Structure formats: C-alpha cells, structure tokens
Amino acid sequence: MPETEPPGGASAIRDLRMPALGLAAWAGGLAGILLDATWCAGLVVASALLARSLRTRLPARTTVAWLVVAVAVASGALLRQETLERSPVTALAQQGAVVTATMTVTLDPRLREGQFSDFVIVRGRLTHVEGRGHSYRLGVPVLLLADEEWHGVRLGSTVELVARLSEADGPGLAAILSARSAPRVTAEPSATWRATTRVRASLRRAVEHLEPAPRTLVPALVVGDDEGMPVDLADDFRTTGLTHLLAVSGTNLTLVVGFALIVARWLGVRGRWLYVVGAVGIVGFVLLARTEPSVVRAAAMGSVALIAMGSNGRERGARAIGVAVVALLLIDPWLATTVGFALSVLATSGILFLAPIWRDAMMRWLPRWLSEAIAVPAAAQLACTPVIAGISGQVSLVAVAANLVAGPAVAPATVIGLLAGFVGLVSPSLATLLGSGAGWSVSWIIGVARRGAAMPTGAVEWSTGPTALAILVALCVVIALATPVLLGRARTGVACGAVMVLVVTVPLPSPGWPPPGWVVAACDVGQGDGIVLNVGAGAGVVMDVGVAPDAIDDCLRRLDITEVPLLALSHFHADHVGGLAGVLDGRRVGEILVTGLAEPAAGAELVTGLAAEAGVVARVPAYGEAWRFGELTLQVIAPRVEPGGSILAHAAGRGSAANNASLVLLAEVGGIRVLLTGDIEPEAQGDLARSLPSLTADVLKVPHHGSRHQDVDFLVGLDARLALVSVGEGNTYGHPSPDVLSALEESGVRVHRTDLAGDVLVVLEQGELHTRARG
C-alpha cells in the first residue's frame, strides 16, 4: 500500500463508479456466454426498466454507461460464439472429417503425461483448411493434440498438417484437431518470438543443474513456463494457497517492471521517460511470458497494483481495476467465465478494498510493515476463498501464513531468475551462477509449501454444492467485517493468531472414523488407486498410492495407519506410484513390492529413488509368494513369469503391457476374500481366469478404474458381493464405464465409487459385509 496515504490511515474510496462499470462488463460477459441472444435481450430490457426506476438515486449518465458496457461485452461474446458456430471448421468437426490444414502456433507446445504415453497440446489459429472436397481460408482458434514430435515446433511458426477434426467441448474454440502427420513448417516465427524464445530457453539452461522441484519452479515463477512441474509440488502449493506462484500473476509484472523502474532511476531517467520505461517493461514482460489471455490478464492486474502504489493509491487503484476489467472483457469476453480471471480480479480487489482497513486496525499495536505484510495476503486469500473452494473442494487454513513466510523469497527469485535468462545469452557460466541463486530462493518457497501442506489441518474439505458455497460466501463477508474489530486490539489479535495455530497444527477428530471391524479401505486419491488392508494396531498393507502424496497420506492419517509392513505397487503408471512419498514420510514401511516390467521408466525411477532415500527394499515378488500379518494373508496370483524370468505382460496384445503386468494380490481376512487387480485388461484377465478357473472373491477392486476395457464374464464370474471402483471425479477418461457398472449391478454386486462417496470402507460386522463412506 502506498506511503502517501493520510497519517490517520487509508482514506475511503469515494468514487466506485468505475469498479461498478467493471462489474457491469463482467455480468454482460457471463450473460453473453451462458445465455442465448433472446435471454440477453430480455435481460437488457429488464435492466433498463430497473435503471429507470432508480433514476432518482443514480445519475442517468452512469446508468446508461453501465448498460452500454454490459451490452457491448455481451454482444461481443455472442458475435464471437456465433462466428465460431457458423465456421466451416465447426461443421467439418461435427462430421469428424480428416483435413489438410495450415495453422499458426499461438502458444508454446506443452508436453503432457497421458495415461499410457506422453502427448503434446498445441494452441493455434487455423488459417486454411481443405476437406470434404472444399477449401476454406479463415482464422479460427483451435486446439491440437499431437505426438511428442510436435514438441519442438516453435511459437509463431506456420505449419501444414493432416488432422482429424472433432467438436470442441467449450467456448472459444472452433474445433479440436488430432494430428495424423508430422508438422511441416512453412514459415518461421518472427524475430520478436525468436528472441523471447531464446531468453526462455536460456533460463531453462541456467537452472537445469538444480533439483527437479526448483528446476521447474524458477521458470514457472519468472515466465509462467510450468512444463514438467511435479504433481506433488503443485498439490502442496494448492493446499497452502501458493498456486499463484506456479504461473504468471500480477505480482510477477509488478516485480519485473518495478525493478526496471528502479534501474532506470539509478541511470538517471526522470519524468515522463519513466512512463516509457514502464510501458516497455509491461510489453516486454507480456511477450516473454506469452500473449495468452492469462498473461494479459495478469499484466492488467499488475498494472493496477503499480498504479495503486502511487499518490492517492486506493482511489486511483479502484478506478484502474474497473478500467482493466472493462478493457479485458471487451478484448476477450470469454475471460468472464475463466477461474484465473475471477481469482485475479478478486485478489486485487481484496488488496485494494480490504487490506488497508485491516492494516490500519493492526497498526494500533503492530508496526506498519508487519501489519501490511499480514493484511495483504490475508485480504487477497479471503476474497478468493469461495472460488478456490468451488474448484478444489477445500479451504486452505495455512494460506495466509504460507504467503507471509514465502513472500520475502519471491522478489529475489523472480528478478535473479529473469537476469539469468538474459545473461545466459552471452555468458552461460554466469547465468548458471544466477540460476543457483534463483534456485536457493525458490527452495525456501518450496520448503514453506511442503511444510504447510504437511500440517495436520493445512486445509479442510468443503463441498462444491451451491448451498455450501453460499454459506462460505456469507462466512467470508462476516470475517471481512469482523476482522478490523478483532485485529484492532493486541489481546484479540493475538488470540485469533493462537486459535489459527492450534487449528492447523492439531489434527481435527473424525468421530467414528474408522469404524471398528473395517477390513479394506478404498482411499479417495482422485484418478488413481489407493487401497489399504487393515492389519490392526495402527498397521495396514497398502496397494498403490495414487498420483499425489497428500491424498494417500491424508487417507492413512484418517485411518490411523502409522506402520505399513508391506507396500505393493501394481505397476509404474503415475496414478499408482506418484503418491509414494505420502506413504513413506513419517511411517515405518517394511518392504515394497513392484512389478517386473519397468514401464514407464519415469515411474520406475521415481519408486527406486524414493525407496533408496527411505532405506526400504523394493523388489519383484515371485509368482505365488505369500505373506501373513496377524489374521491377514496375502498371495501374488499374477502376473505369471516365464521360465527365463520375463513377465507375461501381453506386450504383443491389444492392451497396455504395463497395465497387464500389474501385480494382482488375493487377500483373506476373517473369511473374507479381497481381490486387488491393479489395472489388468482383458488379456491379463483372461489369463488369470484360465490359470485359476475356480477363483472367487467377496470384495473386488474393479480393474483399471472401471474402464470399458474389461472381460465382463471374468468380473461377473468372481461372484463378488461388493465392488470398489477407485476413480477421480470428473476424469476425462470416461471412467467408470456405465456398461461395466451395469453388468456388475445386474449380477447382484453392490458397486461403490470413490468419486461419489469419498473414502469407502468395507466393514465386517457379525459375519456380514457392510460399507461406510466418508464423502
């Protein structure tokens, strides 16, 4: 907050017309995207009538301005959507046509990890299409899914390709292309894009000697290049409210342009030339971080923050945020529905409207710098809390403290990292030294995220239903109003801090969980597997660990599991091994069982490395090997091994070799047989049925998250009473298959899904099987 405010504290913002204009633009954008033209017209008429009824309270010019802006943004959204819907590309996509196309790449290709292999996402603008006997020249946005050979295509290139078109599943795109050919570059990027690409590549080289977490966080923090970001790190940042540091935000621009202005002053630049330096810095930052909507939005909010740092900062900042919202939505109305836009606007608004009031309250007993350091992240977090809860299903309790502690490292990491990118163009060795400095800074941030996420109650789950979110909004309003009163005195302020410390450090009780007599738990680990077999006395055998350490760790905590005598990993796909650290940290683990097929290599390397660090043996069990832990017995019943020692993984079959090489365990406790199947597909299921024709189970962990690739006769023939489907809510794979579920239910099997029920426990009560769900 600016130092030029009156000594008595933050002055009231007297003119709210521009922020209201921004809200009108936002409402118009939402209406134009979510409603059709008829509804939009009716809404305009209703708004005009309402404005007329309020003409004695509101100036006519102000009311007209709100309506004009809302209509302009809504019209822009409707016209753009209509243009895309009437595009010949959209018509070809509806037919699933294969076309020859010319496309200009508008964003850097991103490598993503798929379920079976890596793939590349490319955003571009389609300029020419030939298909179904016609040729079209146009300019529509599209999304391309391609093989890894596309990863080297540079931003700004024009390429020719053959692709199959499919319908887009959201606004702003004419179609989705699936590449059927390698890229043929017909035009190289412009000099501007080549220069910025060189700087980004230089930054990557400057930090390539660092550990994986800082190596990926430095480029993400500096220029928004988050490729290769470890999933567990992203989860920790999400839990601690630090996700804004994983992508370009207004903070980045404020730091970069602020640093440029300091250097300019040091060099003697004064007066209006400083505005030129600031403008060049903003444009350069946008080009370096790429001109995607999220970067432009971040630049706009960062500019608002720079304006708010000047004289009469709150008043000018309030006007600036209104102007920024209107300008952004006129340029791109589809921003109105994006989460990133909402979070940026809400965070900036919280800092402008709430933080100064809270700061002034705390300044009665705290120094200004500390009051501001607490008020700014707290206000931004509170303003964003309902939106974050709506998309993540949780409310972070450590976000304010995490941002407060991590904050001092953000500026040096950003500035030093940016310098490393530029210096690397002329002196790679000096750039490596600077990269180490940026790495040390982000290591502090990573440590804050790791430790904050490890708190027993770092975040609490919150329903994403409309009623729950409405309650959360009401709570946030109450907190916003009560905070100045509570923090205005040392006694109540310290008490509030002490309560928060207790809440996040002392685990919240889960009454009645786990219930006595539980046998097996299907943990809600998202799109992955995480199964626990109860051994008793705080011990459990774990089969697979999901993709994120936090998810499986939280489930084991809820089950009071402190010892894992045996940990089995069915195969090396990320959704089965990615959360391994969550089991190893803070628990005694006896040994780790793995499949003999080390594919994918990245998963196998992750398991080998973490096991070595924890001092735990990881080995391939023999076919038929068995264990006993108390009343629990376990046996490996697949995969079979050839006499020479290689796995019968059906690599030549139609299915996935890695999936079909999954360890399959048969467990028995209290007379209840539990079949844990990993991700085996029809080939391996058929082999299992042939090798063990009399195999039955009381509880079945449905293979491969209930995908449609099943030998249904095999599943039904197991005569299971209960089936557990470990699957992520809203996953893009179509899991579980409705046909598979129907077949199981029609045969009398009770099916329970983690995406609908959360953690699912199978409980043995007086010889009968029951289930308990936590979600």
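Structure: see above.
Residues numbered from 1 in each chain as written. Predicted model: local features only at pLDDT ≥ 70, side-chain atom pairs only at ≥ 80, totals over all residues. Heavy atoms only, no water.

1. Remarks on the state of the cysteines
Using the criterion set out here, one finds 1 disulfide in the structure. Here Cys 384 is not cross-linked by a disulfide; its sulfur's nearest cysteine counterpart is in Cys 476, at 10.0 Å. Taking the relative accessible area as the measure of exposure, Cys 476 reaches 9% and is therefore buried. (Disulfide = S-S within 2.5 Å. Buried < 20%, exposed > 50% of the residue type's maximum accessible area, 1.4 Å probe, protein only.)

2. Some words on the side chain of Asp 225
Topologically, Asp 225 is positioned in the loop between helix H6 (212-223) and helix H7 (231-239). One polar contact links Asp 225 to Arg 204, side chain to side chain, over a distance of 3.1 Å. Those residues in contact with Asp 225 that lie beyond four places of it in its chain are Arg 200, Arg 204, Thr 216, Pro 219 and Ala 220. (Helix = DSSP H or I, 4+ residues; strand = E, 2+ residues; numbered from the N terminus. Polar contact = N/O pair within 3.5 Å; in protein donor to acceptor, adjacent residues only side chain to side chain. Contact = heavy atoms within 4.5 Å.)

3. Things to note about helix H13 (residues 355-362)
Where burial is concerned, most of H13 is hidden: 7 out of the 8 residues are buried. Those residues of H13 lying buried are Ala 355, Pro 356, Trp 358, Arg 359, Asp 360, Ala 361 and Met 362. Next to the buried residues of H13 lie helix H11 (313-331), helix H12 (339-353), helix H14 (368-392) and helix H17 (466-487).

4. Looking at the sheet that holds strand E21 (residues 722-725)
Here 7 strands make up an open sheet; going across it, the order is E16-E17-E18-E19-E20-E21-E22 and the pairing mixed. Looking at which strands have only one partner, the edges of the open sheet turn out to be strand E16 (626-629) and strand E22 (750-753). Between one strand and the next, the sheet's axes are offset by a mean angle of 20°, whatever the strand orientation. This element, helix H26 (residues 738-746), spans E21 and E22 of the sheet and lies at about 140° to E22. (Pairing = 2+ DSSP bridges. Axes fitted to C-alpha atoms, helices over the stretch in contact; angles between N-to-C directions.)

5. Observations regarding the sheet that holds strand E10 (residues 518-522)
Taking strand neighbours across the sheet as the criterion, the 8 strands line up as E15-E14-E13-E12-E11-E10-E23-E24 in an open arrangement whose pairing is mixed. The outermost strands of the open sheet, each flanked by one partner alone, are strand E15 (617-619) and strand E24 (768-773). Strand-to-strand twist across the sheet, computed as the mean angle between neighbouring axes with direction ignored, equals 20°. Both strand E13 (residues 563-569) and strand E14 (residues 588-594) contribute to a ladder of 6 bridges, which runs parallel. If you follow Ala 568 over to E14, its bridge partner there is Leu 593.

6. Here's the deal with the environment of Leu 724
With respect to the helices, strands and loops of the structure, Leu 724 is situated in strand E21. Spatially, the C-alpha atom of Leu 724 lies 5.1 Å from that of His 752, the residues being 28 residues apart in sequence. Not counting residues up to four positions away in its chain, the partners in contact with Leu 724 are Val 520, Ala 522, Val 699, Leu 700, Lys 701, Val 702, His 752, Val 760 and Val 762.

7. What to know about helix H10 (residues 293-308)
In an α-helix, one turn spans 3.6 residues; hence positions three or four apart end up facing the same way. Along its 16 residues, H10 runs 23 Å from first to last C-alpha, staying within 8% of the 22 Å computed at 1.5 Å per residue. Taken together, the buried positions of H10 are Val 295, Arg 297, Ala 298, Ala 299, Ala 300, Met 301, Gly 302, Ser 303, Val 304 and Ala 308. Contacts made by the buried residues of H10 are with helix H8 (250-266), helix H9 (273-289), H11 and H12. (Expected span 1.5 Å × (residues − 1).)

8. Regarding the environment of Asp 235
With respect to the secondary-structure elements, Asp 235 resides in helix H7. Judged by its relative accessible area of 14%, Asp 235 falls in the buried class. The spatial distance from the C-alpha of Asp 235 to the C-alpha of Ala 453 is 8.4 Å, given a sequence separation of 218 residues. When near neighbours in sequence (up to four residues on either side) are disregarded, Asp 235 contacts Ala 548 and Asp 550.

9. A word on the packing of H8 against H10
Across the interface, H8 lies against H10 with an axial gap of 7 Å and an inter-helix angle of 55°. For the element pair H8 / H10, the angle class is oblique. Where H8 crosses over H10, the two elements pack in a sense that is right-handed. Residue-level contacts link Gly 250, Leu 253, Thr 254 and Val 257 of H8 to Ala 298, Ala 299, Gly 302, Ser 303, Ala 305 and Leu 306 of H10. Here the residues of the contact of H8 with H10 are counted per class, giving 6 nonpolar, 4 polar and no charged. (Parallel < 35°, antiparallel > 145°, perpendicular 65-115°, else oblique. Left-handed = near helix turned anticlockwise from the far one by under 90°. Nonpolar A, V, L, I, M, F, W, Y, C, P; charged D, E, K, R; others polar.)

10. Looking at a nonpolar patch on the surface
On the surface, a cluster of nonpolar side chains totalling about 530 Å² of accessible area is made up of Phe 259, Val 263, Trp 266, Leu 267 and Leu 419. Of the residues forming the nonpolar patch, the biggest block, 3 residues, is contributed by H8. Relative to the helices and strands, Leu 267 is located in the loop between H8 and H9. Judged by relative accessible area, which is 61%, Leu 267 ranks as exposed. (Patch = residues over 30% accessible without salt bridge, like charges linked within 9 Å, V, L, I, M, F, W, Y side chains within 5 Å. Areas by Shrake-Rupley, 256 points an atom, 1.4 Å probe, with all protein chains shown as cover. Salt bridge = Lys/Arg side-chain N within 4 Å of Asp/Glu carboxyl O.)

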